[in-house]
Amino acid sequence: MVELVDTPGLGSGELTLVQVQVLSPVLPVHNVGSFAPIQFPTKLIRMNQRPLGSTGLQVSELALGALYTSSLAGGFQETRKIVSAALHAGITYIDTAPAYGDSEETLGRAWDGQQDQFILSTKLGGRPQPFDPVNAKALRQSVEDSLRLLKRETIEILMIHEPDRPLQYPWW
């Protein structure tokens, strides 16, 4: 069971605490930053799944944002721990992007045969630079690069990265 709890005193709707009921022994996992040590079960948790809009995809209620699954953080070794911890926590949806440093490549190396257990989203816009949304050849190449780096045959969700960010793209 996963329960999302609001902490009094913070804005309404802000996710501040996640409680996961675990009915099996736990293993210690690396302490990240100033957070308390995190423990994960030896068996997979069955987190609630929800439909993702009208895509027909079922994803976990929580997702792994993969910005820090790159050399911007702990690199390959930390990413392996993050992917394993996410899977053990019942997370089935990972979001990454070419703009997240080498996140796609690091994830591709870290899945270690588990990549089919996740729904993946990545983005267009981080490469090539400058990004040109009307250059079909460059768009295809970006997707092919993502597939190669992620060691996947498919990308379930493909988006344009921050299309409405002021001054991000001159065509907006």
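The structure reproduced in this document is the subject of the present report. Since the structure is predicted, the reported quantities are computational estimates derived from the model, not experimental observations.

Rules behind the numbers
- Residues numbered from 1 in each chain as written.
- Predicted model: local features only at pLDDT ≥ 70, side-chain atom pairs only at ≥ 80, totals over all residues.
- Heavy atoms only, no water.
- Helix = DSSP H or I, 4+ residues; strand = E, 2+ residues; numbered from the N terminus.
- Expected span 1.5 Å × (residues − 1).
- Buried < 20%, exposed > 50% of the residue type's maximum accessible area, 1.4 Å probe, protein only.
- Core = buried A, V, L, I, M, F, W, Y, C linked by side-chain atoms within 4.5 Å.
- Contact = heavy atoms within 4.5 Å.
- Axes fitted to C-alpha atoms, helices over the stretch in contact; angles between N-to-C directions.
- Nonpolar A, V, L, I, M, F, W, Y, C, P; charged D, E, K, R; others polar.
- Pairing = 2+ DSSP bridges.
- Phe/Tyr/Trp six-rings, centres within 6.5 Å; stacked < 30°, edge-to-face > 60°.
- Lys NZ or Arg CZ within 6 Å of the ring centre and 35° of its normal.
- Salt bridge = Lys/Arg side-chain N within 4 Å of Asp/Glu carboxyl O.

Details of helix H1 (residues 75-88)
Over its 14 residues, H1 extends 20 Å from the first C-alpha to the last, a length consistent with the 20 Å expected when each residue adds 1.5 Å. Within the span of H1, buried status applies to Gly75, Phe76, Glu78, Thr79, Val83, Ala85, Ala86 and Leu87. Of the residues one or two after H1, glycine 90 is the one with positive phi, at around 90°.

So, the nonpolar core
Ile91, Ile94, Leu107, Trp111, Phe118 and Leu120 are the most contacted members of the largest nonpolar core, which has 15 residues in total. Leaving out residues up to four positions away in the same chain, leucine 107 has contacts with Ala66, Thr69, Thr79, Val83, Ile94, Thr96 and Leu150. Of all hydrophobic cores here, the second largest spans five residues; its members include Leu57, Val59, Tyr93 and Ile157.

Description of the packing of helix H2 (residues 103-110) against helix H3 (residues 136-150)
Pairs of packed helices are described in terms of their axes, by the angle between the two and the distance that separates them. Contact geometry for H2 and H3: axes closest at 7 Å, N-to-C directions at 35°. Within the contact between the two elements, H2 uses Glu104, Glu105, Leu107 and Gly108 and H3 uses Ser146, Leu149 and Leu150. Along the lines of polarity and charge, the residues of the contact of H2 with H3 split into three nonpolar, two polar and two charged.

Concerning the sheet that holds strand S9 (residues 119-124)
Overall, parallel pairing links the four strands, which are arranged S7-S8-S9-S10 in an open sheet. Bordering the open sheet on either side are strand S7 (64-65) and strand S10 (157-160), each of which pairs with just one other strand. Across four bridges, the pairing between S9 and S10 is parallel. Looking at S10, one finds that lysine 123 is bridged to methionine 159. Against the sheet, H3 touches S9 and S10, its axis set at about 140° to S9.

Quick look at the packing of aromatic side chains
A full pass over the atoms with the stated rule returns one aromatic pair. Consider the rings of tryptophan 111 and phenylalanine 118, whose centres lie 5.7 Å apart with planes at 35°: the pair is tilted. With respect to class, tryptophan 111 is no different from phenylalanine 118; both count as buried. The positively charged end of arginine 109 is found above the aromatic ring belonging to phenylalanine 76, 4.0 Å away from the centroid. The ring of tryptophan 111 has arginine 152 sitting right over it, with the charged end atom 5.9 Å from the ring centre.

Observations concerning the pattern of salt bridges
Under the criterion given, the structure shown has seven salt bridges. Glutamate 156 serves as the salt-bridge partner of arginine 152, at 2.6 Å between the closest nitrogen and oxygen. Since its relative accessible area comes to 8%, arginine 152 is described here as buried. One salt-bridge network, in which partners are shared between bridges, spans Glu104, Arg127, Asp145 and Arg148.

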